[in-house]
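Remarks on the overall topology
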Amino acid sequence: MKLKLYVLILAAMVFGFFVTPVCQAHTPLCSCYDNGDGSITCEGGFSDGSSAAGVEMRVEDGAGKVLVTGKMDDDSEFTFKKPAGDYKVEFDAGEGHKITVDGKEITE
């Protein structure tokens with residue numbers, strides 16, 4: 001009986017070891033809007049409420065040429081001049097934490 005109890009406790013510990021990182025994971029969030037003055041502002045963050053300050057941002061044209069690079073500011077915002085033609089905005093917080101926003105989806 002004691003052996004079964006020890007096996008059950010060990011199984012619960014192993015299960016907890018693998019489930020804990022999943023529970024602590026956070027999802028990146030990024031939305032962009034047209035300010036109506038020729039500029040675009042993107043706001044970022046993570047689903048657990050943590051800041052996106054310092055996250056790498058990149059604006060590329062339709063062919064993939066990098067037009068603008070920068071980082072989210074202390075308020076987790078990134079503002080840039082709206083490019084002419086097709087473009088996309090990339091929020092790059094590392095592997096598994098990247099978001100691409102198509103310029104066609106950015107409205108006032």
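Notes on the structure in this doc start here. (Residues numbered from 1 in each chain as written. Predicted model: local features only at pLDDT ≥ 70, side-chain atom pairs only at ≥ 80, totals over all residues. Heavy atoms only, no water.)

1. Section: the side chain of D92
Here is the rule: Helix numbers and strand numbers start at the N terminus; a helix is a DSSP run of H or I with at least 4 residues, a strand a run of E with at least 2. Nitrogen and oxygen atoms within 3.5 Å of one another constitute a polar contact, given that in protein one can donate a hydrogen and the other can accept it, and given that sequence-neighbouring residues count only through two side-chain atoms. Any pair of residues with heavy atoms lying within 4.5 Å of one another is described as a contacting pair.
Checked against the element boundaries, D92 lands in strand β6 (residues 87–92). Looking at D92, its side chain comes within polar contact range of the main-chain nitrogen of G94, at 3.0 Å. Setting aside chain neighbours within four positions, we find D92 in contact with V55, E56, R58, H97 and K98.

2. Observations concerning the pattern of salt bridges
The cut-off we apply is this: Salt-bridge detection follows one rule: a side-chain nitrogen of Lys or Arg within 4 Å of a carboxyl oxygen of Asp or Glu. When a residue's accessible area, from a 1.4 Å probe over protein chains only, is under 20% of the maximum for its type it is buried; when over 50% it is exposed; and in between it is partly exposed.
Enumeration over the complete set of coordinates arrives at seven salt bridges. For the salt bridge of E56 with K71, the shortest nitrogen-to-oxygen distance reads 3.7 Å. A residue pair is termed long-range when its members are at least 10 positions apart, and E56 in strand β3 (residues 56–61) and K71 in strand β4 (residues 66–71) qualify at 15 residues. Judged by relative accessible area, which is 38%, E56 ranks as partly exposed. Between E90 and R58 there is a salt bridge; the shortest N-O distance is 3.2 Å. Here the residue E90 occupies a position in strand β6, and R58 occupies one in strand β3, the gap between them amounting to 32 residues. On the basis of relative accessible area, E90 is assigned to the buried category, the value being 13%. What emerges from the salt-bridge pattern is a single network uniting R58, E60, K88, E90 and D92.

3. Examining the packing of aromatic side chains
Definition in use: Working definition: rings of Phe, Tyr and Trp (its six-membered ring) pair if their centres are within 6.5 Å, and the pair is stacked with planes under 30 degrees apart, edge-to-face with planes over 60 apart, and tilted otherwise.
In this structure the tally under the stated criterion is three aromatic pairs. Taken together, a centroid distance of 6.4 Å and an interplanar angle of 80° make the contact between F80 and Y87 edge-to-face. You'll find F80 and Y87 in the same group, each marked buried. Grouping aromatic residues by their ring pairs yields a cluster made of F78, F80 and Y87.

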